[in-house]
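The lines below spell out each chain.
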Amino acid sequence: MPNYQNRSIQRLFKAISNIKTPKECEAFFDDLCTIKEIQDMAQRFDTAILLDEGLSYQKIAEKVGVSTATISRVNRCLTYGSNGYRIALDNLSETEKNDDGE
């Protein structure tokens, strides 16, 4: 797990964790990031979702438009990382279940 001892980084993570709605989150990231940075993060998360579903690297590359190097990096994070993707995937799955009335 990376060591995030920098006060500025800790403050950023705290600010993100205190965002309450998707609309607030969108506004924050719209101000914080370029559209390219947001698109890149979205592609990496889409890649994690598809890897979790068992799709092949080739199918993911075609579907998401990322390189196999990016897919490999995301897969390495899913397997050996800090568990961030897993937490986000599980939270998203739970949220989507609740949204569907299950």
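Please refer to the structure higher up on the page.
Please read these numbers as outputs of a predicted model, since none were measured by experiment.

Reading the values: rules and limits
Residues numbered from 1 in each chain as written. Predicted model: local features only at pLDDT ≥ 70, side-chain atom pairs only at ≥ 80, totals over all residues. Heavy atoms only, no water. Patch = residues over 30% accessible without salt bridge, like charges linked within 9 Å, V, L, I, M, F, W, Y side chains within 5 Å. Areas by Shrake-Rupley, 256 points an atom, 1.4 Å probe, with all protein chains shown as cover. Salt bridge = Lys/Arg side-chain N within 4 Å of Asp/Glu carboxyl O. Helix = DSSP H or I, 4+ residues; strand = E, 2+ residues; numbered from the N terminus. Core = buried A, V, L, I, M, F, W, Y, C linked by side-chain atoms within 4.5 Å. Buried < 20%, exposed > 50% of the residue type's maximum accessible area, 1.4 Å probe, protein only. Contact = heavy atoms within 4.5 Å. Axes fitted to C-alpha atoms, helices over the stretch in contact; angles between N-to-C directions. Parallel < 35°, antiparallel > 145°, perpendicular 65-115°, else oblique. Left-handed = near helix turned anticlockwise from the far one by under 90°. Nonpolar A, V, L, I, M, F, W, Y, C, P; charged D, E, K, R; others polar.

**A word on a nonpolar patch on the surface**
Here comes step 1: There is a patch of nonpolar side chains on the surface, built from Ile9, Leu12, Phe13 and Leu32 and spanning about 300 Å² of accessible area.
Here comes step 2: Considering each element in turn, the nonpolar patch owes the most residues, 3 residues, to helix α1 (residues 7-17).
Here comes step 3: As for its position among the elements, Leu32 is in helix α2 (residues 22-32).

**With respect to the nonpolar core**
Here comes step 1: Listed in full, the 12 residues of the largest apolar core are Ala48, Leu50, Leu51, Ile60, Ala61, Val64, Val66, Ile71, Val74, Leu78, Tyr85 and Leu89.
Here comes step 2: Here Val66 is in contact with Gln43, Thr47, Ile60, Ala61 and Ile71, once residues within four sequence places are set aside.

**Let's talk about the packing of helix α4 (residues 57-64) against helix α5 (residues 68-80)**
Here comes step 1: The N-to-C vectors of α4 and α5 enclose an angle of 115 degrees; their axes lie 9 Å apart at closest approach. In terms of orientation, α4 lies roughly perpendicular with respect to α5. In terms of crossing hand, the pair formed by α4 and α5 is right-handed. In contact with Tyr57, Ile60 and Ala61 of α4, α5 contributes Thr68, Ile71, Ser72 and Asn75.
Here comes step 2: The residue inventory of the contact of α4 with α5, partitioned by class, reads 4 nonpolar, 3 polar and no charged.

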